[in-house]
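Given next are the chains, with one letter for each unit.
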Amino acid sequence: MRRQSHIPLFVALAVVVVTTIEAMDPTPTTKAAIPDKFLIVAETTSLRLVTPNGSLVTTIQNTQTQRVVGVAHDVDTQTVFWTDTALKAIFSSNVDGTNVRTIVSRLVIPSGVAYDPSAKHVYFSDSSLNVIGVATLDGSYSVPLISTDLVEPRSIILQPSMGYMYWIDLGSKAKIERAFMSGNNRMALIEGYDLGWPNGLTISGKRLYWIDGKADKMESSDLDGNNRQVILTFSANIHPFGMAITSETIYFTDRYARVVYGRPMSDSLSKLELSVVMRTRSTPYGLSLYRADESATVNRCSQNNGDCEQMCLAEPTGRICAGVSCDEPDTIIFLVVNDEIHGYVLRNGALQPAIAPITTVKKPLSVTVDPTTKMLYVMDITDRAIVEVTKDGQKRLVLDDHPLSHAENIAVDYVSKVLYYTDRATNIIGVVSVKGDWRKTLIGGLDKPRGLKLDIAEGMIYWSNWGSVPKIERVSMTGERRQVLVSTLIVWPNGITLDLAKRFLYWADARLDRIEVCNFDGTNRRLIGTYSQVHPYALDIYGDLLIWSDWQHNKVGSVNIDGGNFKVFVAPHVSFGRPAGLSVYNSSAPIATSACSNNDCSSNQVCVPENSALYQCVCKFGNYNPSTGKCDRKEKIKDSP
């Protein structure tokens, strides 16, 4: 941890003197050219653009300004950016209020916003999702840069010429942090007991400035967090939020008094005279100073987007490229959220998109992947159907005329080309061919089955029941050799997953907040860990991590296989309504073989393994005739007994 030097230059004893420059509601100027210098004030339901002497330039107020908090701007394009915590989104418009655009939606409490003119990206913080992210101006790409060890991120500022970003993280132990604009090389600059409610982070010259609403002072440090100085102290009835600084003047908003103050930098430190630049009509928050003479920013991303195909993220010594990769990664986390199917990789401690979202399924609940065809199979609870989907969104209904009741989870036997599913309304495990021409109830009379995994090589099905008698069971794919594996100290076993190499069964109990493991036969049961305030739904293995979709945090949770290093991850541009199905696809994982890998079943039959060595040929239509070795009926039967 970096040691901070705290060198206050002075402790002000004088009484603050306030003088008024502007009236309560300044009269708008007529349509004139945009001035070279003005303040952009986030005023809850509008953005007000005023000159430093308080003359109103214009007011931006529309359906996208309901609770404006953070503001930023771009001089080259005369664009204003803002966060709206009521609409849970980030917007932009021209400085005259025209051409309003949505950049990022489905956030929760978007607080800070900053603009990188070199790469033309918007950086933002969300103090509920606890994420710092970046998005392109059209919102087509959005990447979380930092989503771990954040409590309540607020103000965010950029130093594009050097490739750095800085932000404030509130909480019981507030701090000011820095990282490359790629999210790499994160470090805490300012932290300690005397840092209260820092807000309004800004850079002027080669120094950081912030204003502390709890400690009632304005402070500064160098860009490494050293040489910390008190610039200004004020009375407790001032509650600052946003701040902007020039070489001549300090400006800041006061939420309690509904005022924008200005103070000359050259004023005597013993005379703390504040001038009222403007009185706002509602609570003021963020503040940004627009100056036409701002110097152009040059970094590795300035020319040709840094030779990146999608997003260029600056670093002090260069840049990295980000976005949805055209080269498919080895491992993808497929996640159902917000009625969409997303594919992510874990990189730099955050979920980053690996594919474009799949939006063609009406209301997906669970997802699995056939590694031999790279097809996704999705449970759609609106159409009550299983849907086959490609990663570019093309779909085909597997069951197009025989709807399911309330099927939840799905698993694919890619050797036999059949799908198994749990249905908690009919309390069954069913099986259907991927072509949709055969369907069978394998096991009935269950008690709210949910989690479902296959051991294809051994021909076994594992599932969880979370009803009145919760337990975890297994059965052969022929419906034989049913066995209860876990039935004690278990309440809501939602997600289960298998480590096929080590032959371990993992499960997450959403009521007991614990993850456990046992051998495939139920022996050697042991606790992985207990994690308070989690509600896992789907569970899988990602490298050395157990990961799950979490209904409590509305994120993705993870722990190491040994139970350590619990974390939650946020998805790039969404506030999870409730994440559902989760499945990990690993292109380098061994492709299983089974007793059905080489079989002599006819085209009218489905090969179903009994175990690792034996299989059965099951007629799709009608019954098997041993004298002919064929199925004796050809008509299509959707649900065989």
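Parameters at a glance
- Residues numbered from 1 in each chain as written.
- Predicted model: local features only at pLDDT ≥ 70, side-chain atom pairs only at ≥ 80, totals over all residues.
- Heavy atoms only, no water.
- Pairing = 2+ DSSP bridges.
- Helix = DSSP H or I, 4+ residues; strand = E, 2+ residues; numbered from the N terminus.
- Axes fitted to C-alpha atoms, helices over the stretch in contact; angles between N-to-C directions.
- Core = buried A, V, L, I, M, F, W, Y, C linked by side-chain atoms within 4.5 Å.
- Buried < 20%, exposed > 50% of the residue type's maximum accessible area, 1.4 Å probe, protein only.
- Contact = heavy atoms within 4.5 Å.
- Disulfide = S-S within 2.5 Å.
- Phe/Tyr/Trp six-rings, centres within 6.5 Å; stacked < 30°, edge-to-face > 60°.
- Lys NZ or Arg CZ within 6 Å of the ring centre and 35° of its normal.

Chemist: It is not clear to me how the sheet that holds strand 16 (residues 187–191) should be interpreted in this structure. Could you clarify?
Modeler: The strands making up a sheet associate through hydrogen bonds between their backbones, and the pairing can be parallel or antiparallel. Ordered by their spatial adjacency, four strands build an open sheet running 13-14-15-16, and the pairing between neighbours is antiparallel. Both outer strands of the open sheet, strand 13 (152–159) and strand 16, are each paired with one neighbouring strand and no more. Pairs of neighbouring strands in the sheet enclose a mean axial angle of 25°, with direction left out of account. Judged from the four bridges that link them, strand 15 (residues 175–180) and strand 16 form a sheet pairing that is antiparallel.

Chemist: Mind showing me how you'd approach the nonpolar core here?
Modeler: A general tendency of soluble globular proteins is for nonpolar side chains to be buried together. Membership of the largest hydrophobic core comes to 33 residues, with the highest contact counts inside it found for Phe334, Ile341, Leu376, Ile547 and Leu582. Among the secondary structure elements, those contributing two or more residues to this core are strand 28 (331–337), strand 29 (340–347), strand 31 (364–370), strand 32 (375–380), strand 33 (385–389), strand 47 (536–542), strand 48 (545–550) and strand 51 (582–586). Among the elements that line this core, the one with the most residues is strand 28, at six residues. Non-local contacts of Ile547, meaning those with residues more than four positions away in its chain, are made with Ile333, Ala538, Leu539, Asp540, Tyr542, Val556, Gly557, Ser558, Leu582 and Val584.

Chemist: Before we go on, may I ask you to explain the state of the cysteines in this structure?
Modeler: Every disulfide links exactly two cysteines, by a covalent bond between their sulfur atoms. Per the counting criterion, the structure on display carries five disulfides. The disulfide partner of Cys596 is Cys607, and the gap between their sulfur atoms is 2.0 Å. Every disulfide takes its handedness from the sign of the S-S torsion; for Cys596 and Cys607 that torsion is -85°, giving left-handed. Separated by eleven residues along the polypeptide, Cys596 in the loop between strand 51 and strand 52 (605–609) and Cys607 in strand 52 bring together distant segments of the chain. Across this residue pair, the class does not change: Cys596 and Cys607 are buried. Note that Cys619 is cross-linked by a disulfide to Cys631, the S-S spacing being 2.1 Å. Around the S-S axis, the bridge from Cys619 to Cys631 shows a dihedral of about -95° and counts as left-handed. With a gap of twelve residues between them, Cys619 in strand 53 (residues 615–619) and Cys631 in strand 55 (residues 630–631) connect regions that are remote in the sequence. For the residue pair Cys619 and Cys631, the accessibility class agrees, reading buried in each case. Taken in sequence order, the bonded cysteines of the protein link in the pattern 1-3, 2-4, 5-7, 6-8, 9-10.

Chemist: I tried to follow the packing of aromatic side chains on my own but got confused; where do I start?
Modeler: Centre-to-centre distance and the angle between the planes together describe a pair of aromatic rings. Applying the stated rule across the entire model yields 13 aromatic pairs. Residues Tyr164 and Phe180 carry aromatic rings whose centres are separated by 5.7 Å and whose planes lie at 55° to one another, so their mutual orientation is tilted. Linking Tyr164 in strand 14 (residues 164–170) with Phe180 in strand 15, this pair joins segments that are 16 residues apart in sequence. Exposure class is identical for Tyr164 and Phe180. Each is buried. Here the aromatic residues Tyr164, Tyr166 and Phe180 are joined through ring pairs into a cluster of three or more. The ring of Trp492 has Arg511 sitting right over it, with the charged end atom 5.2 Å from the ring centre. It is Arg526 that lies over the ring of Phe504; its NZ or CZ is 4.7 Å from the centre.

Treat this as a map of the structure, not an account of what it does.
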